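Close look at the chain arrangement
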Amino acid sequence: MSELKSNIPEGPLADKWTNHKNNIRLVNPANKRLIDVIVVGTGLAGGSAAATLAELGYNVKAFCFQDSPRRAHSIAAQGGINAAKNYQGDGDSVYRLFYDTIKGGDYRSREANVYRLAEVSANIIDQCVAQGVPFAREYGGLLDNRSFGGVQVSRTFYAKGQTGQQLLLGAYSAMSRQIGRGKIKMYNRHEMLDIVKIDGKARGIIARDLITGEIERHSAHAVVIATGGYGNVFFLSTNAMGSNVTAAWKVHKRGAHFANPCFTQIHPTCIPVSGDHQSKLTLMSESLRNDGRIWVPGKKEDAEAIRNGKLKPTDIKEEDRDYYLERRYPAFGNLVPRDVASRAAKERCDAGYGVNKTGEAVYLDFSSAIMRYGKEKAITEGLGNISESKIKELGKKVVEAKYGNLFQMYEKIVDQNPYETPMMIYPAVHYTMGGLWVDYNLMTTIPGCYAAGEANFSDHGANRLGASALMQGLADGYFVLPYTIGDYLADDIRTGPISTDLPEFEQVENEVKDRLNKLINNKGTHTVDYFHKKLGKIMWDKVGMARNERGLKEAIEEIKALRKEFWENVLVPGDLNEFNPELEKAGRVADFMELGELMALDALERNESCGGHFREESQSEEGEAMRKDDIYAYVSSWEFNGDASGFSLHKENLNFENVELKTRSYK
Amino acid sequence: MNLTLKIWRQKNTTSQGKMVEYKVNNISEDMSFLEMMDILNEELIVKGDDPIAFDHDCREGICGMCSLYINGEAHGPDRGITTCQLHMRKFKDGDTIYIEPWRAKAFPVIKDLVVDRTSFERIMASGGFISVNTSGNTQDANNIPIPKDDADEAFDAATCIGCGACVATCKNSSAMLFVSAKVSQLALLPQGKLERERRVLNMVDQMDKEGFGNCTNTGACEVECPKGISLSNIARMNREYLRASLVKKD
Ligand SMILES: Cc1cc2nc3c(=O)[nH]c(=O)nc-3n(C[C@H](O)[C@H](O)[C@H](O)COP(=O)(O)OP(=O)(O)OC[C@H]3O[C@@H](n4cnc5c(N)ncnc54)[C@H](O)[C@@H]3O)c2cc1C
Ligand code: SF4
Ligand code: FES
């Protein structure tokens, strides 16, 4: 049925976006008033899209499941946002950001999309500053930058450790302005439960009012899905508790392809798991790797003594420490990309050098940075010969100014002071590069249904570079979608309002209600979390940081069996017509149970190692990932064929005309 | 540790609520407060009881969803944190813990511990922004240098998470700390100065309409604010308001 057309414009790479903008159709301002757009999700992608579409004149209906757009998961992003501004004069350019992103993604993304992302990145910063986003500045009053993993320039803009918060509040302000003007109708505490198609086009959604439980029909001329990533399929992840795949999954089941589902990012610097009670994992921003050095004991007996509480990290002498990233990757050291850093940590821990009680942790140590900054400070302040403890004190202040809130967060959770003893970290699920397949215009394979932000698959290939998700979300929402959607909506200026009385709405609404009824009336014996944890364990063990054929095949069977058990045995309390968080959770976990299977299937099909996807069958003698460009240089785009027959694979071949495919080396 | 919990139960906005007692056992010190609540809820569900509704999402102190009034304090004992960042090591075996929702006229209870904070949304929509279109056709970001101190001060005000603890803590249920944080952030930046009068007048007007009380300078809000939003923001907003009222008359 649906054929994959990426709709990449003709012409040289650097001119594609400009040419495309000049050639696509526009909707004139008077006609925009006749057009409704639904935006599901109000994180950076959805929030920026909703605000911009409303400014342009469309009537926007926006949905989020929290009680305010300001609480979307984007709020939690810490480290920063990339932009090719070259303010530091260190040789950055649009091309370099493009190149780094393509390379960082291990050559599994589209050149044209990534180039456009790099091209609009600078504009994002201008826009956000105009909105009052208080980025970090230098004493001269100009914007400050830091560097992030996987690159050799400083192009990351930040607002202490709360960059996502500040950017989201900027987008939320812009939305608030349009809400005040009546151009956005905001539906807080609403969850989209399905999409409605009329004559094959996306024309509306079915949503549940989470306060009253009422099932509602909403119509529009186009639907934008900006509902974030699906990392919570692993149960434990750095995502917010409510992050889910439901909206994207429902759209997939109604005809939108799901691309590269197995591309998951495991972030190297998270606080390790402490026990079974754990409900989520906390990220320690990657920016910490600018100054923190990662190590484990070089001797197994030391590692063991630490695990048994007989030695402290500070007891291990410098020469007995193994700074394994600096050792293995001298060129990038602690700043290797996330996938590389995560695998290296796992390798050390699997080999028996891990440090906390569980043996699944490595150190992130700030003592050298504290001394280095202290000495610098002593010189700039002309303090001459001062004692080591004084230097340390000065250095701590510098580190505090940079990472104070992160250190405090760590101390609150772990009850240890990271200024005095190294932090303990371990990789955790963090981001999903896969998502709804979209063409260059961000349209899915359902006409009129768009996907933006983490919910789509578009720009990060097999691995996302740090500080690039915020960039992508805002690029999609502020600068790409508002243009490209006009090309499609130009056909709808005479359509008039879409009626929600059409039989298509009724049918989908009934299906949604049936499923909710089934969940609530099941009255089984186990809670939703019981199943979610079981699913998470299968995913982490067999579809996690390292994957192999046998494990993946087992995972598929185990997930199928678990899904069956879920539907027979799940226990959802309460009623349909009330505020019922357990019912919300049940629906989301039911969808994760289906997605998990597709992730394993996709990982099985791709017998190469690339980016975050590591197939044990495809590695070099030193254990480095081996890509197979001759076989797998494509996007895996999965079509849903109906519950009985599963999924079928379509391949979008990736053509590299401007970069040469190289073995990604950070040595 | 083993604990006794006294928790506010209320079916919906219109029904009457009451405190109900629960016991939880074998709680580890390393658990977060909300993980302890998860354990209680799992037990309730299996027993066939209705679990306790409470708001939460990020569980790392930044989204502002969580909102529990614990032993008479917004976000519980301990300073500078939200409920989700509170750990059980702050309690002792055998403790009795009282858990209630935010209480304020402008924050009606939706269910149990969940309240409706959309009054904050309407205040934001009345003026919590800079009127600039998101077209991207603005000037280069470095064309407006901003003194680092101003930028840092604006940032500090901007870290408000909109949780509402300030309102819940205030004996008058005033929203001054929340509103002043946004007014200050934007008034401190050159981009935001252009419409500072309109902004403060509209936001204060909306705040009054929502039924928040007056500020009598008790300073309780600052103490309980998880993000350390300073009272000096209220002073700045009062100056802004006075200034705007004068400008408007002319
Ligand atoms: C801890 C952490 C730190 C990070 N730090 C960085 C960083 O420093 N730099 C960087 O670039 N990236 C970072 N990331 C990644 C980045 O934050 C996310 O990828 C990005 O914010 C996603 O934005 P989004 O708009 O696509 O989705 P989200 O912000 O996740 O928003 C999803 C929206 O969809 C809504 N929604 C979901 N499902 C439904 C439904 N069914 N019905 C209605 N509404 C729904 C939600 O209410 C929400 O409004 C970080 C991620 C994490 C977890
Ligand atoms: S001022 Fe503080 S207490 Fe009040 S809403 Fe903001 S963060 Fe919460
Ligand atoms: S759950 Fe997000 S601040 Fe507590």
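Small disclaimer: the values here were computed from a predicted structure and weren't measured.

**Quick word on the overall build of chain B**
- Helices and strands together make up the secondary structure of chain B, namely 9 helices and 7 strands.
- Dimensions along the principal axes, computed over C-alpha positions, put chain B at roughly 65 × 35 × 35 Å.
- Scored against the burial criterion, the 250 residues of chain B give a buried share of 60%.
- Residue pairs in contact within chain B that sit at least 24 positions apart in sequence constitute 68% of those at least 6 positions apart.
- Split by element, the accessible area of chain B, about 9,900 Å² in all, is 49% carbon and sulfur.

**Brief notes about the packing of aromatic side chains**
Residues and elements named next belong to chain A.
- All told, the structure shown has 32 aromatic pairs over all chains when counted by the stated rule.
- Within the aromatic cluster, the residues linked to one another by ring pairs are Tyr230, Trp249, Phe258, Phe640 and Phe647.
- The cationic tip of Arg372 hangs over the ring face of Tyr373; the distance from NZ or CZ to the ring centre is 4.9 Å.

**Let's talk about the domain arrangement of chain B**
All names here are of chain B.
- Each domain of chain B was delimited in the assignment, giving domain 1 (3–111) and domain 2 (118–249).
- Each of domain 1 and domain 2 has a C-alpha centre, and the two are 29 Å apart.
- Of the residues lining the interface, 19 residues belong to domain 1; the matching set on domain 2 comes to 19 residues.
- Both sides together, the interface formed by domain 1 and domain 2 hides about 1,400 Å², and carbon and sulfur atoms give 55% of it.
- The interface formed by domain 1 and domain 2 contains 1 salt bridge.
- Where domain 1 meets domain 2, there are 4 residue pairs in polar contact (both at pLDDT 80 or more).
- The residue makeup of the side of domain 1 that touches domain 2, split by class, is 9 nonpolar, 6 polar and 4 charged.

**Focus on the site of ligand 1**
- Taken together, 39 residues lie around ligand 1, and Gln66(A), Ser74(A), Met192(A), Glu454(A) and Leu470(A) are the ones closest in.
- Chains contributing residues to the immediate surroundings of ligand 1 are chains A and B.
- Between ligand 1 and Leu44(A) there is a distance of 3.1 Å, counted from an oxygen atom to a backbone nitrogen or oxygen.
- Separating a nitrogen atom of ligand 1 from a backbone N or O atom of Met192(A) is a distance of 2.8 Å.
- Burial of ligand 1 by the surrounding chains reaches 98%, relative to a free accessible area of 1,000 Å².

**Thoughts on the pairing of strand S5 (residues 96–100) of chain B**
All names here are of chain B.
- In S5, alternate side chains face the same way, and those of Ile97 and Ile99 are buried while those of Thr96, Tyr98 and Glu100 on the opposite face are not.
- Examined bridge by bridge, strand S1 (residues 3–9) and S5 share 4 bridges and lie parallel to one another. Across the sheet, residue Lys6 finds its bridge partner in S5, namely Tyr98.
- As judged from the 2 bridges shared by strand S3 (residues 69–70) and S5, these two strands associate in the antiparallel manner. Bridge pairing in S5 places Tyr69 opposite Glu100.

**Describing the sheet that holds strand S12 (residues 293–297) of chain A**
Residues and elements named next belong to chain A.
- Read from one edge to the other, the open sheet built from 5 strands follows the order S11-S15-S14-S12-S13, with strand pairing classed as antiparallel. Since the sheet does not close on itself, it has two edges, and those belong to strand S11 (264–270) and strand S13 (321–322), each with one partner.
- Sheet topology places S12 next to S13; 2 bridges connect them, and they run antiparallel. Considered in S13, the bridge of Val296 is made with Asp322.

**Details of the site of ligand 2**
Residue and element names in this part refer to chain B.
- Around ligand 2, the neighbouring residues are Cys160, Ile161, Gly162, Cys163, Gly164, Ala165, Cys166, Leu177, Phe178, Cys225, Pro226 and Ile229.
- Broken down by secondary-structure element, the contributors of at least two residues to the shell around ligand 2 are helix H4 (165–169) and helix H5 (176–188).
- Considered class by class, the residues forming the shell around ligand 2 number 10 nonpolar, 2 polar and no charged.

**Notes on the interface of chain A and chain B**
- At the junction of the two partners, chain A supplies 77 residues and chain B supplies 71 residues.
- Taken over both partners, the interface formed by chain A and chain B buries close to 6,000 Å², and the fraction arising from carbon and sulfur atoms is 53%.
- At the junction of chain A with chain B, the criterion picks out 8 salt bridges.
- Its salt-bridge partner being Glu60(B), residue Lys280(A) comes within 2.8 Å of it at the nearest N-O pair.
- Viewed at the interface, chain B and chain A are joined by 41 residue pairs in polar contact (both at pLDDT 80 or more).
- Taken together, the elements giving at least two residues each to the side of chain A that touches chain B come down to helix H3 (44–56), helix H5 (111–131), helix H6 (163–180), helix H12 (388–414), helix H13 (469–489) and helix H15 (528–542) of chain A.
- Looking at the side of chain A that touches chain B, the element that brings in the most residues is H6(A), giving 10 residues.
- Its residues placed into classes, the side of chain A that touches chain B shows 32 nonpolar, 28 polar and 17 charged.

**Observations regarding the pattern of salt bridges**
Residues and elements named next belong to chain A.
- One pass over the full model with this rule turns up 87 salt bridges over all chains.
- For Arg155, the salt bridge identified is with Asp100, shortest N-O distance 3.0 Å. Taken together, the positions of Arg155 in the loop between H5 and strand S4 (156–157) and Asp100 in helix H4 (residues 94–104) put the pair 55 residues apart, joining distant regions of the chain. Asp100 carries the same exposure label as Arg155, and that label is buried.
- If you follow the salt bridges from partner to partner, you end up with Asp106, Arg108, Asp339, Arg343, Arg606, Glu608, Arg627, Asp629 and Arg664 in one network.

**Topic: the confidence of the model for chain B**
- When pLDDT is averaged along chain B, the result is 96, and 99% of the positions lie at 70 or above.
- Per the prediction output, this complex has pTM 0.97; the corresponding ipTM is 0.98.

**Side note on the sheet that holds S1(B)**
Residue and element names in this part refer to chain B.
- Strands sit in the order S2-S1-S5-S3-S4 across an open sheet of 5 strands; the sheet is mixed. Lying at the two open borders of the sheet, with one neighbouring strand each, are strand S2 (18–24) and strand S4 (73–74).
- Relative to the sheet, helix H1 (residues 33–47) contacts S1, S2, S3 and S5, its axis offset from that of S2 by approximately 90°.

**Regarding the environment of Arg103(B)**
Residue and element names in this part refer to chain B.
- Structurally, the position occupied by Arg103 is in the loop between S5 and strand S6 (109–111).
- Accessibility expressed as a relative area gives 35% for Arg103, which makes it partly exposed.
- Along the backbone, Arg103 and Gly164 are 61 residues apart, and their C-alpha atoms lie at a distance of 9.9 Å.
- Each residue touching Arg103, except ones within four places of it in the same chain, is listed here: Trp8, Ala168 and Ser173.

**Observations concerning the domain arrangement of chain A**
All names here are of chain A.
- Domain annotation for chain A reports domain 1 (35–265 + 430–492), domain 2 (268–428) and domain 3 (504–634).
- With centres defined by C-alpha atoms, the gap from domain 2 to domain 3 works out at 33 Å.
- With 9 residues of domain 2 at the interface, the matching set in domain 3 holds 10 residues.
- Approximately 720 Å² of surface area, both sides summed, lies buried where domain 2 meets domain 3, with 58% of it carried by carbon and sulfur atoms.
- Inspection of the region where domain 2 meets domain 3 yields 1 salt bridge.
- In this structure, Glu624 and Arg328 form a salt bridge, with 3.0 Å as the shortest nitrogen-oxygen distance.
- Linking domain 2 with domain 3 are 3 residue pairs in polar contact (both at pLDDT 80 or more).
- Of all the elements in the fold, those that place two or more residues in the side of domain 2 that touches domain 3 are helix H10 (338–353) and strand S15 (423–432).
- Among the elements that make up the side of domain 2 that touches domain 3, the one with the highest residue count is H10 (4 residues).
- Among the residues forming the side of domain 2 that touches domain 3, the class breakdown is 3 nonpolar, 1 polar and 5 charged.

Rules and cut-offs
Residues numbered from 1 in each chain as written. Chains lettered and ligands numbered in written order. Predicted model: local features only at pLDDT ≥ 70, side-chain atom pairs only at ≥ 80, totals over all residues. Heavy atoms only, no water. Helix = DSSP H or I, 4+ residues; strand = E, 2+ residues; numbered from the N terminus. Buried < 20%, exposed > 50% of the residue type's maximum accessible area, 1.4 Å probe, protein only. Contact = heavy atoms within 4.5 Å. Areas by Shrake-Rupley, 256 points an atom, 1.4 Å probe, with all protein chains shown as cover. Phe/Tyr/Trp six-rings, centres within 6.5 Å; stacked < 30°, edge-to-face > 60°. Lys NZ or Arg CZ within 6 Å of the ring centre and 35° of its normal. Domains from an automatic or database assignment. Buried area = accessible area lost by both parts, 1.4 Å probe. Salt bridge = Lys/Arg side-chain N within 4 Å of Asp/Glu carboxyl O. Polar contact = N/O pair within 3.5 Å; in protein donor to acceptor, adjacent residues only side chain to side chain. Nonpolar A, V, L, I, M, F, W, Y, C, P; charged D, E, K, R; others polar. Near = heavy atom within 4 Å. Pairing = 2+ DSSP bridges. pLDDT = per-residue confidence, 0-100. Axes fitted to C-alpha atoms, helices over the stretch in contact; angles between N-to-C directions.

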